[in-house]
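In case you want the letters, here they are:
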Amino acid sequence: MATILQIFPIAVTIILCFTSLIDGSKRHEPGYCVTRGACKKKVFSSQPCDYNGRAQHLTDATALESLADLCPSLRGNTSSPDYPLTCCDADQMKDLVFSLKVPRQFLSRCPSCFRNLAELYCTQLCSPNQSVHLDVMVSTPYNKTLSNGTIVETKSVDIVTYAVDESFSSGMYDSCKNVQNPGGNGKAISMVCGLPASECTPEAWLKYMGSPSNGYAPIQIIWTNSSTTEPPLVVMNSSITPCSQGLTNDSQPCACQDCPTTCPPLPPVPTPTPPFTLIGYPGEMVIIVVIFCLFALTFITTVICTACLKDPMTSRDYGAASLSKSEIYPNPPSVLERLGYQVNASLVRWFTAWGGVCARYPYTVLTVGVLAIVVASAGISLASVTTDPVALWSAPNSEARTEKDYFDEHFGPFYRTEQVIIRAPLYNSSIWTRDQGGFTNFSGVFDFQVLQMALELQTAIVNLKAPLTFANGTETNVTLQDICTKPLDPLNSNCLIQSVVEYFQDSLDNLNKTYYDDDIMQITYKYYDHITYCSRTPTAPNDTTPLGLSCLAKWGGPVFPFTAFGGYNLTAKDYESSDAIILTFLVNNHVNATDNRAAEAWEAEFIHFMKDYASRSNLTLSFSSERSVEDELDRESESDVYTILISYMLMFVYVALALGQTTTLKRLFIDSKVTLGLSGVVIVLGSVSSSIGFFSYCGVPLTLIILEVVPFLVLAVGVDNIFILVQAYQRDERRVDELRNEQIGRVFGSVGPSMLLTSLSESGAFFLGAMTPMPAVQVFSLYAGLAVLIDFLLQVTCFVSLLALDSARQERNAVDVLCCLRLPERGRKLDEEKGRLYSLVKHCYAPLLMNDFVRVVVIVVFTGWLAACGCFTSKISVGLDQSLSMPRDSYVLDYFGAIQRYLSVGPPVYFVVKDGYDYTSPGGADMMCGSRGCKENSLDYQLYQAQLTPAYSHIAHPASSWIDDYFDWSDPVGQVPCCRINSTDPSLFCPATSASKDCVSCRNASEAGTRPTPREFMRFLPWFLEDVPNDQCAKGGHAAYGSAVNLLRNNTAIGATYFMTYHTVLRDSQDYINALKHSREIADNITRSLQLVQPKASVFPYSIFYVYYDQYLTVVNETIYSLSVALIAIFVVSFLLLGLDLGSALVTVVTVSMILVNLLGLMYLWEISLNAVSLVNLIMCVGIGVEFCSHTVRAFALCPGPNRVVRARHALAEMGSSVLSGISLTKVCGVAVLAFSKSQLFQVFYFRMYLGIVLFGAAHGLIFLPVLLSYVGPAPKRFIPGSRKRLDSLIANTSTSSHRGYGSIQNSDAPVRELDDSGSMGPC
């Protein structure tokens, strides 16, 4: 399709054939004109009259004032009484003033720019040498009516040729191209070029200004330059004032933001620290691999050399079989060993006595325990569940939380947002429109039917009614009008809506409006012309097309294209190619949650309506409301209740069945432990409920993480202890004349210290983990620590009593569960039977694992995997993909995908200046503004610099600067200044739209270009903030800044203020984190600059997402701290309760740390990010890891033997089956069910991490730890001469020929016994 420029010569030729238009007698020489006077009236101005004569004197006083203002070079000496010669009359001067009104409002902040532009038009219209540069090409007959009513035949000019030198047009463009529009977060030239600033060129600007399609040019101007101008015309080449120079010697050049040539060099963008590399690979990985290789080589070499040099018949770790204990331990015991002995002896003695008491008085103990549980659990009635993400993830005293509270207090909470994203894949129409004389293709979303449907949808949403019942029982219907944000209320009570149809003020008539220009160009104007104009000049009160529509929304403010369109090229800003249009409804938010009930009710109706509408629309719709995420989380929690219950039920059933030790089918119902197992599970649940109740008494709120994680954790800890205690009793044989309670006390004395060790290690780790400032982690640690502690207390009391009762039942041959039913056969417990799993571990698995070759392989494989996981830990991503928190079938997931794909701008960010800053002082204002006279390190300038590097700063646009627009607003320029007062009552403000003759400028015209005095500053500022922008004054601040400035003390002082801009599009968690981090860097730099002038100045950034992502700035450090503290707690408790055994404590901590590092490696491989949820799981991993390790370590430490291999084999045989059947298999049953959860969050952060905890814990506890102990395990405990009692005699009392008490020690000088033929070790 040909362009208009291509067909234009043909059109001119045709016109010339039918009209007598060109007067060949025109004189093109100085002092002569080719046009003068106003003829044919157009929409906003008049076409000039054809004229061939000398320039005339301009005598009208008003016209002379305008000439002096706009064209000082033509007015000459303003004090001279002589009237200047011009080619324009008074009417044309009015047209010129009107035509330059909009450019002046946006370009005057750079005076040289506006002066250059005015010079262009002054020469064309009024210069006495007009004919030198101008020629009339087309004019048509016109009957002009004079002021006295006389009709004069003349000609009205339609097309002229204007010869302008390239140096002038380029200089004019260069002086204006960077002038900022603070209220529009962009450049002002886009308002007068008809194109985005990035696409505007000198030629495009001239073409737009010379085209009647812009609405202000009454005639078509054909521009020529030095290469295309033909005599007698001469190119206009007036002197250009560059933006780097002032208009006079006393005036200042344009500001840096408006004129980059005046800017100091930009500071270099901080480059990210290059990654540490060695030989081309990540340095950390290379170092870890080298260390592992050296370790593996050294370890294998050592093992081989040791095997070659050692005599297998005589060499032992602690002496040969023939050696006595005095020979094995030649040195006397140290003080530490003596203290350790006392600790072990005391623990065994105390637990033996306590176990006997609980077994002797079971009903008393159970009664007291049940009462304690009931009293503690009663606090659940006071429990409150915290679901507010702010309260969960942001500490009350955190930086982001305090900043949010400050912002909410001074400016109100950020809006509630309801949004609809519309796509039209079925509409592929291309619509033509004039754009700089050419054509533009519009995407399918701009099809008239799509826009009409969008308007109908928006209207339907606005008219939605939601029922609401108040606390007093009264009912009402809530509409959007009741809850929406109304920035211009009470002047304009319409809701703030951002959408493309707001360019048409929600009017179908406006959308349908068409204008046909039957003049020479014969142009049709339709809705797409208006969209094109408004997308480039969104703050224009009226577009410049003959449609005469406003670009301002129905609510009175602008609709920025980056909020209304999506899916276009962000660099080119070709909005016409957008793949989506966006409807955004802003609703008032309140600090008090009860005040949001009406909004929540309407949002629920909105979601219901949109689901129904989307299901039957041929448009593709994605939508969300403020409450959508919370609603979907609640729905997800409800759907996962069944999954969690099934998981727990499987674990309960397994525990109930696995505790039994059935030897024959006849004794199946006798030897089963269903009742005891379920009782143990009830104890676990009782400990959890008691913990919840206790903290509910204390007023500590409950979280969903606690309900989901703590039962799982306590069940892991509790079940392990239950299995160890029950299986120790099952493997024991009652001595002759020994009562049941004595036997239980003896058995409990052997395993109780181990239960105490693991429980105190875990609870101590959790309680210390509560020192973290992250609320969700802190609360979880408190609840978990107390639950584990209560669970231990209930196990050493109530469960011991239950074990005694169950043992009595079993001895009576009473049926399990139905204990009143007794079988006639009186069976007996087999002494040799210790369980199939125990036998399998002892006779098959333990010998295999202790094979020399297998041990070497285990050490190498596990350390190799540790090294690999160590390489991965630094690569774990930080954050939480919000889509993971949604159910798979959630409509919100589609919305998240849409905003990722189509969102054109990021969230708004506010740079808040705290109360106490003095704006009225010259120095204070200079450090805030960005226009002429402002400091180079001012707030506005630093934000301007930031948006020049959006890839680093994540700032997309210059800030909306209320103080710069206020200075422009208060400047007494133009015939109708923005700031006017009533001359009869100076306390009254006159809007620019007022035609009252009593309205006069607030300030004298002689003060033009200067700022208001401190007194004037505070006097005029409230008027500026109340002034609604209009076509007479586009700088009114009510729409853009009505809430940006806090006025104090009856409008006599300024409180907190903000400067708003936008982040770039943020795609993932890392973008959000970097945006927050860099915004704080910018704010800190601004604060330091402001404090050079006012020491108490303070600036901080605020955006709606900061409070959620603040945790990720410190989550790595918090993770290191929390895990380190937990490991230290485990070390201290292990050291003390293992009898001050440093070696055992170190082995425990090292193994738990390896489990932890392995889990971190799994997080990287399975794409699990680091956040508060995963941190909770990591802390839990430390706790559960203790269960996998500590029992075996204690069994090894208290077991004598000829060497470490024998002791490790015995410890594995004794504890391995209990760990495997207890915590390992129990958790596998429960975790497997989580794989079927509908929740992505459960699958990622619970199934994957829980599975890793169980598998890594079991692998290290049952494979690596025994092997490690066989190499570097601590020496066995020994008798301390002179002690009051001998520890080994205490332990020996718990041993029989079939169960030797895995903690016993030889105290005599008799030789240490070897394994007997059956594989059992006597002393152990």
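Structural data are supplied above this passage.
### Observations regarding the overall build of the protein
Looking only at helices and strands, the protein features 45 helices and 29 strands. A buried classification covers 58% of the 1324 residues belonging to the protein. Across the protein, the fraction of contacts at a sequence separation of at least 24, relative to all contacts at a separation of at least 6, is 74%.

### Section: the sheet that holds strand β29 (residues 1099-1102)
Strand order in the open sheet formed by 4 strands is β27-β28-β23-β29, with antiparallel pairing between adjacent strands. Two strands lie at the open edges of the sheet, namely β27 (1045-1048) and β29, each paired on one side alone. Geometrically, the sheet is characterised by an average inter-axis angle of 15 degrees between neighbouring strands, direction not taken into account. Relative to β29, strand β23 (residues 908-913) runs antiparallel, the two sharing 4 bridges. Residue Val 912 lies in a different strand from β29, and its bridge partner there is Phe 1100. Sheet contacts for helix α36 (residues 1014-1026): β27 and β28 (1053-1062); angle to β27, the most-contacted strand, approximately 130 degrees. In the packing of helix α38 (residues 1069-1090) onto the sheet, contacts are made with β23 and β29, and the angle to β29 comes to roughly 160 degrees.

### Brief notes about the side chain of Asp 1110
You can see Asp 1110 is positioned in the loop between α39 (1106-1109) and α40 (1111-1137). Contacts of Asp 1110, omitting those with residues within four sequence positions, involve Ser 398, Glu 399, Ala 400, Leu 1076 and Arg 1080.

### Overview of the sheet that holds strand β25 (residues 989-990)
Strand order in the open sheet formed by 3 strands is β25-β24-β26, and the pairing between neighbours is antiparallel. Looking at strand neighbours, the two that pair on one side only are β25 and β26 (999-1001), the edges of this open sheet. As paired elements, strand β24 (residues 980-982) and β25 share 2 bridges and run antiparallel to each other. Each residue of the ladder has a partner; that of Ile 981, found in β25, is Phe 989.

### Brief notes about the environment of Ser 550
Structurally, the position occupied by Ser 550 is in the loop between α20 (527-536) and α21 (561-564). By relative accessible area, which is 18% here, Ser 550 ends up buried. Apart from the residues within four sequence positions on either side, Ser 550 is in contact with Tyr 503, Gln 505, His 530, Ala 540, Pro 541 and Asn 542. Separated by 3.0 Å, the side chain of Ser 550 and the backbone nitrogen of Leu 552 make a polar contact.

### Description of the nonpolar core
Within the largest apolar cluster, 286 residues are counted, with the highest numbers of intra-cluster contacts made by Val 420, Leu 457, Phe 780, Trp 962, Ile 963 and Phe 1017. The greatest single-element share of this core, amounting to 19 residues, is contributed by helix α28 (residues 775-811). Each residue touching Ile 963, except ones within four places of it in the same chain, is listed here: Tyr 919, Ala 925, Met 928, Cys 929, Phe 1017 and Phe 1059.

### Structural notes on the pattern of salt bridges
In total, this model carries 19 salt bridges according to the counting rule given. A salt bridge links Asp 174 to Lys 177, with the shortest nitrogen-to-oxygen separation between them at 3.6 Å. Take Asp 174: its relative accessible area is 38%, and that puts it in the partly exposed class. Residue classification places Lys 177 among the partly exposed positions, given a relative accessible area of 31%. Across the salt bridge formed by Arg 616 and Asp 612, the nearest N and O atoms sit 3.1 Å from each other. Of this pair, Arg 616 and Asp 612 both sit in helix α22 (residues 597-616), 4 residues apart, which is roughly one turn of the helix.

### Considerations on α22
Over its 20 residues, α22 extends 29 Å from the first C-alpha to the last, a length consistent with the 28 Å expected when each residue adds 1.5 Å. Buried residues of α22: Ala 599, Ala 601, Trp 602, Glu 603, Phe 606, Ile 607, Phe 609, Met 610 and Tyr 613, and no others.

### As for a nonpolar patch on the surface
On the surface, a cluster of nonpolar side chains totalling about 610 Å² of accessible area is made up of Phe 276, Leu 278, Ile 279, Tyr 281, Ile 287 and Ile 291. Here Ile 287 is to be found in helix α11 (residues 283-309).

### A closer look at the pairing of strand β14 (residues 466-469)
A one-sided burial pattern is seen for β14, the buried positions being Ala 466 and Leu 468 and the unburied ones Pro 467 and Thr 469. Bridge count between β14 and strand β15 (residues 475-478): 4 bridges; the pairing is antiparallel. Bridged to Pro 467 within β15 is Asn 477. If you look at the hairpin formed by β14 and β15, you'll find 5 residues sitting between the two strands, and Gly 473 has a positive phi there, around 95 degrees.

### Observations concerning helix α10 (residues 202-209)
Judged by how many residues are buried, α10 sits mostly within the fold: 6 of 8 residues are covered. Restricting attention to buried positions, one finds in α10 the residues Pro 202, Ala 204, Trp 205, Leu 206, Tyr 208 and Met 209.

### Things to note about unusual backbone geometry
Residue Pro 232 is bonded to the preceding Pro 231 through a cis peptide linkage, with omega at 10 degrees. Looking at where Pro 232 falls in the secondary structure, it is placed in the loop between β9 (220-224) and β10 (277-278). Residues other than glycine seldom take positive phi values, yet Asp 506 does so here, at roughly 60 degrees. One can find Asp 506 in the loop between β16 (497-498) and α19 (508-512). Even without glycine at this site, Asn 1051 takes up a positive phi of about 65 degrees. Positionally, Asn 1051 belongs in the loop between β27 and β28. Of the residues examined, Asn 1051 reaches a relative accessible area of 34% and is grouped as partly exposed.

### Re the packing of aromatic side chains
What the rule picks out here adds up to 56 aromatic pairs. Taken together, a centroid distance of 5.3 Å and an interplanar angle of 50 degrees make the contact between Tyr 966 and Phe 1024 tilted. Of this pair, Tyr 966 sits in helix α35 (residues 962-970) while Phe 1024 is found in helix α36, placing the two residues 58 residues apart along the sequence. Residues Tyr 966 and Phe 1024 agree in their burial class; the two are buried. Here the aromatic residues Phe 442, Phe 446, Phe 448, Tyr 503, Tyr 527, Tyr 528, Phe 565, Tyr 568 and Tyr 575 are joined through ring pairs into a cluster of three or more. When the ring centre of Tyr 1271 is taken as reference, the NZ or CZ atom of Arg 855 above it lies at 4.4 Å.

### Quick notes on the pairing of strand β6 (residues 151-163)
Bridge count between strand β5 (residues 134-145) and β6: 11 bridges; the pairing is antiparallel. Each residue of the ladder has a partner; that of Asn 143, found in β6, is Glu 153. Counting the residues that bridge the hairpin from β5 to β6 gives 5 residues, and of these Gly 149 lies at a positive phi of roughly 95 degrees.

### Thoughts on the packing of helix α25 (residues 674-697) against α28
Two elements in contact, α25 and α28, have axes separated by 8 Å at closest approach and are oriented at 145 degrees. Crossing angle aside, the handedness with which α25 passes α28 is right-handed. Split into classes, the residues belonging to the contact of α25 with α28 amount to 17 nonpolar, 8 polar and 2 charged.

### Points about the environment of Val 357
The residue Val 357 is located in helix α13 (residues 335-360) in this model. On a C-alpha basis, the gap between Val 357 and Glu 742 in space is 8.8 Å, while along the polypeptide they are 385 residues apart.

### Considering the environment of Leu 58
Tracing the chain through its elements places Leu 58 in the loop between β3 (56-57) and α2 (61-70). Given a relative accessible area of 2%, Leu 58 falls into the buried group.

### Some remarks on the state of the cysteines
Enumeration according to the criterion identifies 15 disulfides in this entry. Across the disulfide from Cys 534 sits Cys 551; the S-S distance is 2.1 Å. The S-S bond linking Cys 534 to Cys 551 shows a torsion near -85 degrees; that makes this disulfide left-handed. Placement of Cys 534 in helix α20 and of Cys 551 in the loop between α20 and α21 is noted, with a sequence separation of 17 residues between them.

Rules used throughout
Residues numbered from 1 in each chain as written. Predicted model: local features only at pLDDT ≥ 70, side-chain atom pairs only at ≥ 80, totals over all residues. Heavy atoms only, no water. Helix = DSSP H or I, 4+ residues; strand = E, 2+ residues; numbered from the N terminus. Buried < 20%, exposed > 50% of the residue type's maximum accessible area, 1.4 Å probe, protein only. Contact = heavy atoms within 4.5 Å. Pairing = 2+ DSSP bridges. Axes fitted to C-alpha atoms, helices over the stretch in contact; angles between N-to-C directions. Polar contact = N/O pair within 3.5 Å; in protein donor to acceptor, adjacent residues only side chain to side chain. Core = buried A, V, L, I, M, F, W, Y, C linked by side-chain atoms within 4.5 Å. Salt bridge = Lys/Arg side-chain N within 4 Å of Asp/Glu carboxyl O. Expected span 1.5 Å × (residues − 1). Patch = residues over 30% accessible without salt bridge, like charges linked within 9 Å, V, L, I, M, F, W, Y side chains within 5 Å. Areas by Shrake-Rupley, 256 points an atom, 1.4 Å probe, with all protein chains shown as cover. Phe/Tyr/Trp six-rings, centres within 6.5 Å; stacked < 30°, edge-to-face > 60°. Lys NZ or Arg CZ within 6 Å of the ring centre and 35° of its normal. Left-handed = near helix turned anticlockwise from the far one by under 90°. Nonpolar A, V, L, I, M, F, W, Y, C, P; charged D, E, K, R; others polar. Disulfide = S-S within 2.5 Å.

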